[in-house]
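Chain by chain, the residues run as shown.
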Amino acid sequence: MKLYWEVAKRAFQRQLAYRTANLAGLVTNAFFGYVRAAVLVAFLQGRGEIAGYDAQAAMTYSWVTQALIMVVALWGWWEIETTIRTGDVVSDLSKPFPYLAFWLARDYGRAAYFLMFRALPILLVGQLTFGLRWPTSPLSWAALALSLVLAITVSFAWRFLLNVSAFWTADARGIGYLAMAVILFLGGFAVPVHFFPPWLRDLALALPFVAITQTPADVFLERVTGLALASALLRQALWAVALLAAARGLLALAMRRVVTQGG
């Protein structure tokens, strides 16, 4: 565990070197967060509630999902794919620690940085410009923390699968960008999946992508409580385990390919 803690800490410190880039990204995210919130408020004004979201809840939802963009890397993440293209993956795979766990620790460190220096400032902007609906109990905050950890894990496992596909295709990023577009829609970033027609909503809820954005946002808004909250967190956990298992299996196939081609 000490190894993974050090890996996560160094990944966090690595991001500190890009303060100017983060500031530029923060301004951009805050601007589009304001635009998204304003559009939702205008759409819901005078309509009462839609699927249980009133204007303030929908506006808060838009700011929370906007704050999660970099925490769960919604725009993509291609560090492993880069090492595969350059060949550096061979030396990474030969190091004396589990490859998947190493990268997961790095992703936790990266996510922790963006939680502190991107997500929290964006939520502050949302509070100052519109006023957000915050969790009201310590249990909700604890559930939110757990939900965020699970959301990062699900997102990482999915991104890992997309990156490792570079062992078999020369256009892993092209496939990945298409997959990310699907996540933005079916994961609840564009609009809550509860706004969808019943058949599409049921499809989205059956997929792992809601565990990345929709579930943390609903936990933040306290839309799920009691048994519903436990069920939502359990689904996140199950998807995290399932996708990590799939990532490990695909990695095993990839390592066999490296050995076969490398002799």
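Throughout, a residue's number is its position along its own chain's written sequence, starting from 1. This being a predicted model, a pLDDT of at least 70 is required before a residue's local features are given, and a value of 80 or more before pairs of side-chain atoms are given or counted; all residues contribute to the totals for chains, interfaces and linings. Based on all heavy atoms of the structure, the side-chain values leave hydrogens and waters out of the count.

### Considering the overall build of the protein
For the record, the criterion: Helix and strand definitions follow DSSP, with helices as H or I runs of at least four residues and strands as E runs of at least two, each counted in order from the N terminus. It is over C-alpha atoms that the radius of gyration is taken, and the globule rule equals 2.2 Å times the number of residues to the power 0.38. Three labels apply to residues, based on accessible area from a 1.4 Å probe with only protein chains included: buried if under 20% of the type maximum, exposed if over 50%, partly exposed otherwise in between. The criterion used for residue contact is that any of the two residues' heavy atoms lie within 4.5 Å.
What the protein contains, in helices and strands, is 11 helices and zero strands. The C-alpha radius of gyration computed for the protein amounts to 19 Å, which stays within 12% of the reference 18 Å derived for 263 residues, consistent with globular compactness. Within the span of the protein, comprising 263 residues, buried residues form 47% of the whole. Within the protein, residue pairs in contact and separated by at least 24 positions form 80% of the contacts whose partners lie at least 6 positions apart.

### Brief notes about the pattern of salt bridges
How we decide: Salt bridges are counted wherever a side-chain nitrogen of Lys or Arg sits within 4 Å of a carboxyl oxygen of Asp or Glu.
Here the structure, examined in full by the defined rule, presents 12 salt bridges. One salt bridge in this structure joins Arg-10 and Glu-6, with 2.4 Å as the shortest N-O distance. Separated by four residues within a single helix, Arg-10 and Glu-6 lie in helix α1 (residues 2–15), roughly one turn from each other. You can call Glu-6 partly exposed: its relative accessible area is 23%. Taking the shortest distance from any N to any O, the salt bridge between Arg-110 and Asp-107 comes out at 2.9 Å. A residue pair is termed a helical-turn pair when its members lie 3 or 4 positions apart in one helix, as Arg-110 and Asp-107 do in helix α6 (residues 99–129) at three residues.

### Considering the confidence of the model for the protein
For clarity, the threshold we go by: pLDDT is a residue-level measure of predictor confidence that goes from 0 to 100.
Summing up the model confidence of the protein, the mean pLDDT is 91 and the portion of residues at 70 or higher is 97%. Confidence, expressed as mean pLDDT per element, reaches its minimum in the protein at helix α5 (residues 89–93) with 83 and its maximum at helix α10 (residues 214–220) with 97.

### Examining the packing of aromatic side chains
Counted only if it meets this: Here a Phe, Tyr or Trp ring, Trp counted by its six-membered ring, pairs with any other such ring whose centre lies within 6.5 Å, and the pair is stacked when the planes are under 30 degrees apart, edge-to-face when over 60, and tilted otherwise. Should the NZ of a Lys or the CZ of an Arg lie within 6 Å of a ring centre and within 35 degrees of the ring normal, that charge is described as sitting over the ring.
Applying the stated criterion to the full structure yields 24 aromatic pairs. Ring geometry for Phe-97 versus Phe-102: centroids 4.8 Å apart, planes at 25°, classification stacked. Summarising the aromatic geometry, the rings of Phe-167 and Trp-168 are spaced 6.1 Å apart at their centres and angled 70° between planes, so their arrangement reads as edge-to-face. Of the residues examined, Trp-168 reaches a relative accessible area of 40% and is grouped as partly exposed. Here the aromatic cluster, defined as three or more aromatic residues joined through ring pairs, consists of Trp-77, Phe-97, Tyr-99, Phe-102, Trp-103, Phe-156 and Phe-160. The side chain of Arg-159 reaches across the aromatic face of Trp-77, ending 5.1 Å from its centre. Taking the ring centre of Tyr-53 as reference, the NZ or CZ of Arg-223 above it sits at 3.9 Å.

### Things to note about the packing of helix α7 (residues 138–164) against helix α8 (residues 172–186)
Stated precisely, the cut-off is as follows: Each axis is a line fitted through C-alpha atoms, taken for helices only over the stretch in contact, and angles between the N-to-C directions span 0 to 180 degrees. When an angle is under 35 degrees it counts as roughly parallel; over 145 it counts as roughly antiparallel; between 65 and 115 it counts as roughly perpendicular; any other value is oblique. In the scheme used here, Gly and all other residues not listed as nonpolar or charged are polar, with Ala, Val, Leu, Ile, Met, Phe, Trp, Tyr, Cys and Pro taken as nonpolar and Asp, Glu, Lys and Arg as charged.
Orientation of α7 relative to α8, taken along the N-to-C sense of each, is 150°, at an axis distance of 9 Å. Taken as axis vectors, α7 and α8 run roughly antiparallel relative to one another. Between α7 and α8, the residues in contact are Trp-158, Arg-159 and Leu-162 and Ala-172, Gly-176, Ala-179, Met-180 and Ile-183, respectively. Of the residues contributing to the contact of α7 with α8, the split by class is six nonpolar, one polar and one charged.

### Quick look at helix α4 (residues 79–86)
To be explicit about the condition: The arc refers to the directions leading from the helix axis to the C-beta atoms.
By the burial criterion, the buried members of α4 are Ile-80, Glu-81, Thr-83 and Ile-84. Within α4, the buried residues cover an arc of 160° as seen down the axis, which keeps them to one side. The inward-facing, buried residues of α4 abut α5, α6, α7 and α8. Downstream of α4 by a residue or two, Gly-87 has a phi angle that is positive, lying close to 95°.

### Some details on a nonpolar patch on the surface
Definition in use: To count toward a patch, a residue needs a relative accessible area above 30% and no salt bridge. Like charges then connect within 9 Å, nonpolar side chains (Val, Leu, Ile, Met, Phe, Trp, Tyr) within 5 Å. Methods summary: accessible areas were calculated by the Shrake-Rupley approach with a probe of 1.4 Å, and residue burial reflects only the protein chains presented.
A cluster of nonpolar side chains, Phe-31, Phe-32, Tyr-34, Val-35 and Val-39, forms an exposed patch at the surface whose accessible area comes to about 490 Å². Its relative accessible area of 46% is what places Phe-32 among the partly exposed residues.

### Re the side chain of Thr-83
Tracing the sequence through the fold places Thr-83 in helix α4. Among the residues examined, Thr-83 registers a relative accessible area of 11% and is labelled buried.

### Comments concerning α8
Heads up, the condition is: Take the residue count of a helix, subtract one, and multiply by 1.5 Å to get its expected span.
Across its 15 residues, α8 extends 21 Å between first and last C-alpha, which sits within 8% of the 21 Å expected from 1.5 Å per residue. All of the buried residues in α8 are Ala-172, Gly-176, Ala-179, Met-180, Ile-183, Leu-184 and Leu-186. On the buried face of α8, the contacting elements are α4, α7 and α9 (198–206). After α8 finishes, the residue Gly-188 shows a positive phi value of roughly 95°.

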